[in-house]
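Survey of secondary and tertiary structure
The lines below spell out each chain.
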Amino acid sequence: MSDSAKSHHLNPHGKGDKTHASDFSYVGIDAILEQMRRKAMKQGFELNIMVVGQSGLGKSTLMNTLFKSKVSRKSVLPDPEERIPKTIEIKSISHDIEEKGVRMKLTVIDTPGFGDQINNENCWQPIMKFINDQYEAYLQEEININRKKRIPDSRVHCCIYFIPPTGHCLRPLDLEFMRRLSKVVNIVPVIAKADTLTLEERDHFKQTIREELRANGIDVYPQKEFDEDSDDRMINDKIREMIPFAVVGSDQEYQVNGKRILGRKTKWGTIEVENIGHCEFAYLRDLLIRTHMQNIKDITGSIHYETYRVRRLNESNILFTAHPPEHPTPGTKQSQTYNLFTCTNPHCGDWEEDLNSNF
Amino acid sequence: LTVTKVGEGARAVPLAGHVGFDSMPDQLVNKSVNHGFCFNILCVGETGLGKSTLMDTLFNTKFEGEPTQHNQPGVTLKSNTYELQESNVRLKLTVVNTVGFGDQINKEDSYKSIVEFIDAQFEAYLQEELKIKRTLHSYHDTRIHACLYFIAPTGHSLKSLDLVTMKKLDSKVNIIPIVAKSDAISKSELAKFKIKITSELVSNGVQIYQFPTDDESVAEINSTMNSHLPFAVVGSTEEVKIGNKMVKARQYPWGTVQVENENHCDFVKLREMLIRVNMEDLREQTHTRHYELYRRCKLEEMGFKDTDPDSKPFSLQETYEAKRNEFMGELQKKEEEMRQMFVQRVKEKEAELKEAEKELHEKFDRLKKLHQDEKKKLEEKKKSLDDELNTFKQKKMAAELLLTQAQQAGGSTTLKRDKERKK
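In this text the structure is predicted, and so the values were computed from the model without any measurement.

A count of helices and strands for chain A gives 11 helices and 10 strands. With 359 residues in all, chain A has 52% of them scored as buried. With an accessible surface of roughly 17300 Å², chain A has 51% of that area assigned to carbon and sulfur atoms.

Structure, rendered in structure tokens:
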């Protein structure tokens, strides 16, 4: 079977005007874009965001601001005492939101209690476990014989890490957490409650943070190694120069210059949340929602999840080295499990041929 | 650790302003555009029904290939991949042709190579999916998304080969039946032909691909088109001037059949359905229905089972280990068998060789004896000849001696005589 790919340009000069059905040079392949769009609109999208940070850093408010509705844990499960839990809890809340016909199932995963104890050792563990549990659930569904048409995706696509606005440098807790979790999930660090920093303090803080991340080998989103092409790299380099975004959240509207905008009103002025001169909320929103949402999900699915899967499937092979087979199968570990599913040894055929040809 | 989940059924929340995730479909489409698309068509039909020409017409290019001969011993599948581009959409199109279909005298096994080919593509995808380190997002999908089944324009009914083949393929691929070279049939005959074909398909339980009617934006056109199946097509890459335009057509002395004229044939309908409206659905059906069925059957065949909800959640490791032990056991058994066979063959060969050796030895001995006998004979003969020679020599010597004696005696006798005379 020949498999040569020959390039044909169907419409080298034309624009492919769809209305001319008699235009013989137009085939209609680009109609597939419209078909995909229709399918996507019908299916809807899923997004799972986790917020991590100490109490009081404005996590819930930021979520409400990002999605312009009451999606946070506090809005759904109001806690009149505002108590800080004794251990980390993981609270996951789902909402159906819709905008211009596009439906999205948004899940916000909150982590009250993180970093709030006196001894915060291993406080990342419950979070790691939760993230890995979601990968596990997806894997289990994926390897079922009878599996669903669309595997429900509860994997954490993005983890927003809130850095307290000290203005100095990252704390050991921040470094530990981000170092461990950047290996399993996309981390987007933000400077919380950034309205306490002046612009100079902010820039200095950001630079320090970037250097510390680099020095510790922590790869936050967008990761350099996953840039697909030079266009990608250009766009992402610009973003990498700006992270972590210094954000301010608010779900209250005020009147400024005749317009109603989201902001925080203080005695010395009103901070406009969506004004990029005041804070970088708009950049965060654009990154997460308007431009890179699909990319975030892709990296979760094709890289983080696959890494988990490889590790998980290799774990089951470790059991077998304890009972080495008498006649070891030739080939790498990978091909051993591969053979498991095809129940054939690629070399058996060769041996048979040899035998037959020699006699 | 407490995990609280709220909103499994999810609640609808109104938005107080523009968030911006309405750009998601665009983001998704952009990613796909960057990635490129894949579409694989299988053309099944007898030689000479215009399969290649139709592909050329549909995609507006001249794909390579010579028309095949009619004397193929069996059915083979030939696939060619082309990269097409239209505006910003890059399509990797693979066209698979059945070479030699319907040419054999005995066509009982014709469908087999087609089914094997389709299964092989599913198998390749399944194996990639089951790999530990896999690259699904950059995998070149070769699974067949649409099967165009070319029906010969007899005007009567489906051939039994067609029925059998379609029945074998309907659970593996999306079948779109088309009447080929339909300019050979008149309009009224065509209508009757289509009805006959449809009723035969239904009565034989053949499931052909139905254009989807669940999405309201295309439901109407799709359901209309469903009623026009099978499409009666004419293909042509030649252009003829009609009025002041050049159109694709077939020119006969009695008139010109215009390919893109909907009154003349259903080519436009086919193109509309196959490419412009339902390409994505064809790909999706292939993946979520046909491939899943193949996968389910294959895994069940190998003995994998899902656990029921009552029992413990199954451990990946346990299943793998169990399967692996089973497999190793089988492998050992097979190795043992091969080893024994090997030993057996060696023994047999050895015996053969020994036998041959023995024969050779015997032959050698025989020959040697023969040689010795000959030698002996020769020696005896030589001896006898020598004896003769010696005897002869002796006689000769004796004769010579006698002669010399005789001469002496004769001489002396002559002397004596002379003496006596003289006396």
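Read on for the rest.
Residue and element names in this part refer to chain B. Sheet topology note: the strand S8 (residues 239-242)/strand S9 (residues 245-252) ladder contains 4 bridges and is antiparallel. Bridge pairing in S9 places Val-240 opposite Val-247. In this structure, the hairpin formed by S8 and S9 is closed by a connection of 2 residues, where Gly-243 is found at a positive phi of approximately 65°. By the bridge criterion, 4 bridges tie S9 to strand S10 (residues 255-258) in an arrangement that is antiparallel. Bridge assignment links Ala-249 to a residue of S10, and that residue is Gln-258.

It is worth spelling out the layout of surface pockets at this point. Residues and elements named next belong to chain B. When its volume is computed, the second largest pocket comes out at roughly 630 Å³. Residue lining of the second largest pocket: 26 residues in total, with Ser-52, Glu-66, Pro-67, Thr-68 and Asn-97 positioned closest to the centre. If you tally residues by element for the lining of the second largest pocket, the top one is helix H2 (residues 51-59), at 5 residues. In the lining of the second largest pocket, the residues fall into 7 nonpolar, 13 polar and 6 charged.

This next bit is on the sheet that holds strand S9 (residues 259-266) of chain A. Residues and elements named next belong to chain A. Taken in spatial order, the 3 strands of this open sheet run S8-S9-S10, and their pairing is antiparallel. Both outer strands of the open sheet, strand S8 (253-256) and strand S10 (269-272), are each paired with one neighbouring strand and no more. The sheet shows a mean angle of 65° between the axes of neighbouring strands, direction not considered. Alignment of S8 against S9, held across 4 bridges, turns out to be antiparallel. In the strand pairing of S9, Gln-255 is matched with Arg-260.

Between its first and last C-alpha atoms helix H3 (residues 110-130) of chain B spans 31 Å; for 21 residues at 1.5 Å apiece the expected length is 30 Å, and the two agree. Extensive coverage of H3(B) is indicated by the burial of 17 of its 21 residues.

With that settled, the discussion passes to the packing of aromatic side chains. This structure, assessed with the given rule, holds 15 aromatic pairs over all chains. With a centroid separation of 5.0 Å and 80° between ring planes, the pair formed by A:Tyr138 and A:Tyr305 is classed as edge-to-face. Here the residue A:Tyr138 occupies a position in helix H4 (residues 125-142), and A:Tyr305 occupies one in helix H9 (residues 293-321), the gap between them amounting to 167 residues. The same class applies to A:Tyr138 as to A:Tyr305, namely buried. Aromatic pair A:Tyr161 and A:Phe177: ring centres 4.9 Å apart, planes at 20°, arrangement stacked. Of this pair, A:Tyr161 sits in strand S5 (residues 158-163) while A:Phe177 sits in helix H5 (residues 172-181), and the two are 16 residues apart along the sequence. Here the two residues A:Tyr161 and A:Phe177 agree in accessibility, since each one is buried. Aromatic ring contacts, followed pair by pair, group B:Phe122, B:Tyr125, B:Tyr139, B:Tyr291 and B:Tyr294 into a single cluster.

Residues and elements named next belong to chain A. Tracing the backbone shows Leu-213 in helix H6 (residues 199-215). Overall, the relative accessible area of 6% leaves Leu-213 in the buried class. Filtering out sequence-adjacent residues up to four positions away, Leu-213 remains in contact with Leu-170, Met-178, Ile-218 and Val-220.

All right, on to a negative patch on the surface then. All names here are of chain B. On the surface, Glu-355, Glu-359, Glu-362 and Asp-365 cluster together into a patch of negative charge. Its location among the elements puts Glu-359 in helix H9 (residues 316-422). By relative accessible area, which is 51% here, Glu-359 ends up exposed.

Moving on: the sheet that holds S9(B). Residues and elements named next belong to chain B. Taken together, the 3 strands give an open sheet; going across it, the order is S8-S9-S10, and neighbouring strands pair in antiparallel fashion. Each edge of the open sheet is held by one strand with a lone partner, namely S8 and S10. The mean angle between the axes of side-by-side strands here comes to 65°, regardless of whether they run parallel or antiparallel.

A few words now on helix H6 (residues 216-226) of chain B. Residues and elements named next belong to chain B. Listed as buried for H6 are Val-218, Ala-219, Asn-222, Met-225 and Asn-226. Taken around the axis of H6, the buried residues stretch over an arc of 140°, which confines them to a single face. In H6, the exposed residues that point more than 90 degrees away from the buried face are Glu-216 and Glu-220.

On to the confidence of the model for chain B, then. Summing up the model confidence of chain B, the mean pLDDT is 86 and the portion of residues at 70 or higher is 89%. Across residues 308-317 of chain B, confidence stays below pLDDT 50; counting only partners more than four residues off in sequence or on other chains, it has 13 contacts.

Formed by 90 residues in total, the largest nonpolar core has its most connected members in B:Phe59, B:Leu270 and B:Leu274. Leaving out residues up to four positions away in the same chain, B:Leu274 has contacts with B:Phe39, B:Ile41, B:Leu58, B:Ala146, B:Leu148, B:Ile176, B:Met279 and B:Leu282. Ranked by size, the runner-up nonpolar core spans 84 residues in total, among them A:Leu66, A:Ile191, A:Ile209 and A:Leu262.

Residue and element names in this part refer to chain A. One can describe the packing of helix H2 (residues 59-66) onto helix H8 (residues 281-291) by two numbers: an axis separation of 11 Å at closest approach and a directional angle of 65°. Classified by the angle between their axes, H2 and H8 sit roughly perpendicular to one another. As H2 packs across H8, the resulting crossing turns out to be right-handed. Only Phe-281, Leu-284, Arg-285, Leu-288 and Ile-289 of H8 make contact with H2, whose side of the interface consists of Leu-62, Thr-65 and Leu-66. Tallied by class, residues from the contact of H2 with H8 come to 6 nonpolar, 1 polar and 1 charged.

A few words on empty space enclosed by the protein. Following the criterion strictly, the structure yields 3 cavities of 30 Å³ or more and no others. The volume enclosed by the second largest cavity comes to roughly 40 Å³. Contributing to the lining of the second largest cavity are A:Glu142, A:Ile143, A:Arg147, A:Arg309, B:Glu129, B:Leu130, B:Arg134 and B:Arg295.

About the criteria used
Residues numbered from 1 in each chain as written. Chains lettered and ligands numbered in written order. Predicted model: local features only at pLDDT ≥ 70, side-chain atom pairs only at ≥ 80, totals over all residues. Heavy atoms only, no water. Helix = DSSP H or I, 4+ residues; strand = E, 2+ residues; numbered from the N terminus. Buried < 20%, exposed > 50% of the residue type's maximum accessible area, 1.4 Å probe, protein only. Areas by Shrake-Rupley, 256 points an atom, 1.4 Å probe, with all protein chains shown as cover. Pairing = 2+ DSSP bridges. 1 Å grid on protein atoms, 1.4 Å probe; cavity = no way out; pocket = protein on both sides within 12 Å on 5 of 7 lines; lining within 4 Å. Points joined across faces, edges and corners; volume = space filled by probe spheres on them. Nonpolar A, V, L, I, M, F, W, Y, C, P; charged D, E, K, R; others polar. Axes fitted to C-alpha atoms, helices over the stretch in contact; angles between N-to-C directions. Expected span 1.5 Å × (residues − 1). Phe/Tyr/Trp six-rings, centres within 6.5 Å; stacked < 30°, edge-to-face > 60°. Contact = heavy atoms within 4.5 Å. Patch = residues over 30% accessible without salt bridge, like charges linked within 9 Å, V, L, I, M, F, W, Y side chains within 5 Å. Salt bridge = Lys/Arg side-chain N within 4 Å of Asp/Glu carboxyl O. Lys, Arg positive; Asp, Glu negative; His and termini not counted. Charge placed at Lys NZ, Arg CZ, Asp CG, Glu CD. Arc of directions from axis to C-beta. pLDDT = per-residue confidence, 0-100. Core = buried A, V, L, I, M, F, W, Y, C linked by side-chain atoms within 4.5 Å. Parallel < 35°, antiparallel > 145°, perpendicular 65-115°, else oblique. Left-handed = near helix turned anticlockwise from the far one by under 90°.

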